Amino acid sequence: MESRSCNNFISYVGLEEHEMQPLGSSRRNSLSENSIKLLRGEIMITKAQSVLMFSPVSDLKQGISGNLSVTNFKLTFITTDDTNGDDVVRQQNHLYGYMDTCLSNIEDIYITVGDKKRRLVPGNTVPSKVKGIFIICKNLRTWSFSFKFSPIGDGNNLLTALLHHAFPSGHNLLFAYDYREPYYSSLDKAVRLFRDISDWHNELDRTIRNDKLRKYWRLSMVNVDFKLCRSLSRYIIVPSSITDSQLMEASKHFQGNRPPIWSWSSAHGAALVKMSELSPLITNRMQENIMFENVRKSHPQKMPPIVLELNKDVGIKLIAVAFSKFANLCSPENIRQFWLQDNNFYSLVENTKWLKYVSYCLQKTVEACGHLHSGFSVILQEGAGTDVCCIVSSLVQLLLDPYFRTINGFQSLLQKEWVAGGHPFCDRLGHIAKRKSEKSPLFLLYLDCVWQLCQQFPAEFEFTETYLTTLWDAVHVTIFDTFIFNCEKDRVAAATEPSNPLVLRSVWDWREQFSEQDILLFYNPLYNSRETDTVERNIIKPLYNIASLELWAQCYFRWIPALEIRNGGQNHIDLYARLLRNDVNQLRMNLNGNCGSPIAKSNSYSVQMNIDSFYPFSNKKTGNAVSTPLMNSSILATESLLDAQSLITASD
């Protein structure tokens, strides 16, 4: 079997303070060769020499010299400076490096002349002389480059290529269609993709364990060829009282042809249902009332469902505007702008209304949970049923079902509610340039809501904020089918294309991007499994008023060096919890007589002690390191770690 060369690749340069990523010899490329490590299918487009890169939001006016290149996958900066930073600690992605950014991650490109800048879009004429560019990414990272010392024409060529390749006009121009790395899936079988009918049967059986309640819902294959609805999955769960022919007729009256679809049921039979609104031209509400009646019949006590309309105070355009304003605060162009904003930052945040929409989603979630807990079925209804419906339905299941608070459960939840549920990732993430943009960070809004839950209930979730931040980065890597399509029909069409079938690679196969040591940081050492508790103890009830919410600093501010806490922050609490957990495991191993297991030695990983608040996304040298095992395994370390250097007295 051919080895995975993608797992042996990582871009190799880090610049600030002459630091670089710690790489094994097999992954290091000679800087003197001034070449770029390319993935299979990745090609060089153009290169600009003697480019100056300036640190983001810094008062340092001296840039770092290097070569800036554009491929069909990424923008990459390589410095020829002497670097020797093997003790730099940060997340290492096998597909791209710290000084790279995927083209699909680029949000805006500005041409700069002195203190002025002008935004460029595809089709704009690029000046013959380009002095500098300023780039804002979708994950809020900023890049500033000067072509002052570059050969004539380099700046023009690079900017022209960047405008063309960073904003593709067609879906087949995404890098996933060029990527030629063989794929040998190592995806955990516990992650359900909800493409096979067995996953839907298993979810019904897992959720509705009472045979008397199971009869009210059935698995329909009416959409197996996507004739009912193009945005729904092949298999859908619907009320048993409605026939497939009735579904086909009713769907014609709803936006996107989406009738009521089952998402989840409580132990007492109350169901969570999603549906779209009636089409604007439909004035007769008879079909809608018929659908409501069928949901009522699916309740064991025939109680009428409660309908939550989700489009009254929020919409994709309002969310997009709010985030655009919020992103401007999180990606200042220079240190002067940063300090001006800092004087009244929280007032500026309030004016963006971003936290207002986080609060709204959590409020609707708590409202829905209250009805379900009281025994009423809930119908979530919005325009096409593919946006805020996805947010609220998946949040409800997080609050009520502890299985979805595990990593595998959470990933299965996203597959069910977002991927199979037909959230238009390609449109909302802006992978394709369109005249009428439908971009809106609905998925980020959801991740922010989940992060708020993790802050309020730190022991209830198996995953960490590093996992959530990494997931947001991953949506901009146009290699994984999870986030580059609008619906399952498009995925099936791409995978079965006769001339050039696309290999579907799941983002949940994290080993495609990270080492086991990086994946370790996805697991919460404080996690306390609740899957065996009673229903009442399983439910969590978050505070949702804006005053109770926080700003997700790791995700939004990690690229602003001035905001990083040197040798401090929440990460130290997390690390200390890992060490305590490791020591408990060590004691258990000793009691079981397994001390000194050779397996334990081979599965221990280095964990850094001297870290900053944005770890593992910062660019800071580390101090000492200790070894601790993956928290999601039963492998235990062979020596106690509590005698390691104190986290409080660790040297800077």
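Residues numbered from 1 in each chain as written. Predicted model: local features only at pLDDT ≥ 70, side-chain atom pairs only at ≥ 80, totals over all residues. Heavy atoms only, no water.

The name given to the protein in an unreviewed UniProt entry is Myotubularin-related protein 10-B, and the organism recorded there is Dufourea novaeangliae. In the Sequence similarities (unreviewed entry) part of its UniProt record, the protein is described as follows: "Belongs to the protein-tyrosine phosphatase family. Non-receptor class myotubularin subfamily." (UniProt positions renumbered as here; feature names shortened; annotations may be inferred.)

A. Seen up close, the side chain of Asp-154. Residue position: Asp-154 is located in helix α1 (residues 154-165). Salt bridges are absent for the buried Asp-154, whose nearest opposite-charge side chain, Lys-47, sits at 8.4 Å. Engagement of the side chain of Asp-154 in a polar contact is seen with the backbone nitrogen of Gln-49, the distance being 3.0 Å. What Asp-154 contacts, discounting residues up to four positions off in sequence, is Lys-47, Ala-48 and Gln-49. (Helix = DSSP H or I, 4+ residues; strand = E, 2+ residues; numbered from the N terminus. Buried < 20%, exposed > 50% of the residue type's maximum accessible area, 1.4 Å probe, protein only. Lys, Arg positive; Asp, Glu negative; His and termini not counted. Salt bridge = Lys/Arg side-chain N within 4 Å of Asp/Glu carboxyl O. Polar contact = N/O pair within 3.5 Å; in protein donor to acceptor, adjacent residues only side chain to side chain. Contact = heavy atoms within 4.5 Å.)

B. Region of interest: unusual backbone geometry. Backbone torsion omega between Tyr-615 and Pro-616 reads 5°, so that peptide bond is classified as cis. Residue position: Pro-616 is located in the loop between β16 (604-608) and β17 (620-621). In this structure, Leu-140 is a non-glycine residue whose phi angle is positive, near 75°. Within the secondary structure layout, Leu-140 lies in the loop between β8 (132-137) and β9 (142-146). In this structure, Asn-567 takes a positive phi of about 55° despite not being glycine. Relative to the helices and strands, Asn-567 resides in the loop between α18 (553-557) and α19 (570-591). Residue Asn-567 is classed as buried on the basis of its relative accessible area of 17%.

C. Looking closely at the environment of Phe-463. Locating Phe-463 in the fold gives a position in the loop between α13 (442-456) and α14 (465-474). In this structure, the C-alpha to C-alpha distance between Phe-463 and Thr-406, residues 57 residues apart in sequence, is 6.8 Å. Setting aside anything within four residues of it in sequence, one finds Phe-463 in contact with Phe-404, Arg-405, Thr-406, Ile-407, Phe-410, Val-450, Cys-454, Leu-468, Phe-522 and Asn-524.

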